[in-house]
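Chain and residue survey
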Amino acid sequence: MQKIPMTAEGLARLEEELKQLKAEVRPAIIRAIAEARSHGDLSENAEYHAARERQSFVEGRIAELENIVAAAEVIDVSRLSGDQVKFGARVTLIDEETEEQKTYRIVGTYEADMKEGSISITSPLAKALIGRKVGESVEVPAPGGARAYEIADIRFG
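In what follows, the accompanying structure is described.

About the thresholds
- Residues numbered from 1 in each chain as written.
- Predicted model: local features only at pLDDT ≥ 70, side-chain atom pairs only at ≥ 80, totals over all residues.
- Heavy atoms only, no water.
- Buried < 20%, exposed > 50% of the residue type's maximum accessible area, 1.4 Å probe, protein only.
- Helix = DSSP H or I, 4+ residues; strand = E, 2+ residues; numbered from the N terminus.
- Pairing = 2+ DSSP bridges.
- Contact = heavy atoms within 4.5 Å.
- Core = buried A, V, L, I, M, F, W, Y, C linked by side-chain atoms within 4.5 Å.
- Salt bridge = Lys/Arg side-chain N within 4 Å of Asp/Glu carboxyl O.
- Expected span 1.5 Å × (residues − 1).
- Bend = angle between axes of the 7 residues up to and from the residue.
- Axes fitted to C-alpha atoms, helices over the stretch in contact; angles between N-to-C directions.
- Parallel < 35°, antiparallel > 145°, perpendicular 65-115°, else oblique.
- Left-handed = near helix turned anticlockwise from the far one by under 90°.
- Nonpolar A, V, L, I, M, F, W, Y, C, P; charged D, E, K, R; others polar.

**Thoughts on the pairing of strand β6 (residues 137-140)**
Remember that side chains alternate between the two faces of the sheet whenever the strand is regular. Of the two faces of β6, only the one carrying V138 and V140 is buried; S137 and E139 on the other face are not. Pairing of β6 with strand β7 (residues 147-155) involves 4 bridges; the strand directions are antiparallel. Pairing of V138 across the sheet is with Y149, part of β7. Adjacent in sequence and paired antiparallel, β6 and β7 are bridged by 6 residues, among which G145 carries a positive phi angle near 115 degrees.

This is the structure in structure tokens:
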């Protein structure tokens, strides 16, 4: 089984989602299916079919989360340091065209969330940044054309 790099916070979020799906969502769906069954003819029962579809989705997500959690390899980012970009780093970039400054944290694939400024280690931006140092420029392919960024800061923890 291939290990999946992840931060401790990312693993905790996935474990919490798994716990909620098993303890709250799954039993609620089972109750909804039982309720819909009591209404009679299942062939024309939209509530029943919707509940079964939701059950299928939730069971698939539970299986997916169980596999991810089992394969997770927690990287303790508080022990990381150095002057090169690597997993767990918070990297501050300056867009060389607009001078706009943004900070991203490089995390595992299953914990990335652009709204929180977390990007996947497998993303084009993270791939371009890995191994680079403060002051270096990177060019990243983007839908509107390549973008160039200067690395302004690298922090860990």
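**A few points about the environment of E17**
On the secondary structure map, E17 appears in helix α1 (residues 8-37). Under the relative-accessibility criterion, E17 is labelled partly exposed at 27%. Taking the C-alpha atoms as reference points, E17 and A36, separated by 19 residues in sequence, lie 26 Å from one another. Residues in contact with E17, not counting those within four places in the same chain, are R61 and L65.

**A word on the environment of S81**
Here S81 shows up in the loop between β2 (72-74) and β3 (90-95). Linking S81 and F156, residues 75 residues apart in sequence, is a C-alpha distance of 6.1 Å.

**A few points about the nonpolar core**
Counting residues in hydrophobic clusters, the biggest one holds 18 residues, and the most contacted among them are M6, L21 and V58. If you list the elements that add at least two residues to this core, you get β1 (4-6), α1 and α2 (46-71). Not counting residues up to four positions away in its chain, the partners in contact with V58 are L21, V25 and I29. The next biggest cluster of nonpolar side chains, apart from the first, holds 17 residues, and it includes V85, V91, V140 and I154.

**So, the pattern of salt bridges**
Per the counting criterion, the structure on display carries 11 salt bridges. With a closest N to O distance of 3.7 Å, R79 and D76 form a salt bridge. The partner of D83 in a salt bridge is K133, and the shortest N-O contact between them spans 3.7 Å. With D83 in the loop between β2 and β3 and K133 in the loop between α3 (124-129) and β6, this pair connects stretches of sequence that are 50 residues apart. Each of E17, R61 and E64 takes part in salt bridges that share partners, so that together they form one network.

**A few points about the pairing of β3**
Pairing analysis gives 5 bridges linking β3 to strand β4 (residues 101-107), with the strands arranged antiparallel. What sits directly across from I94, in β4, is Q101. Bridge count for β3 against β7 is 6 bridges, and the pairing is antiparallel. In the strand pairing of β7, T92 is matched with D153.

**Some details on α1**
Given a rise of 1.5 Å per residue, 30 residues ought to cover 44 Å, and the 42 Å separating the end C-alpha atoms of α1 matches this to within 8%. The sharpest bend along α1 comes to roughly 40 degrees, located at L21. Within the span of α1, buried status applies to G10, L11, L14, L18, L21, V25, I29, I33 and A36. Buried residues in α1 make contact with β1, α2 and β2.

**Thoughts on the packing of α1 against α2**
Packing of α1 against α2 brings their axes to within 9 Å, and their N-to-C directions diverge by 155 degrees. In terms of their interaxial angle, α1 and α2 are classed as roughly antiparallel. Viewed along their axes, α1 and α2 form a crossing whose handedness is left-handed. The residue inventory of the contact of α1 with α2, partitioned by class, reads 17 nonpolar, 1 polar and 11 charged.

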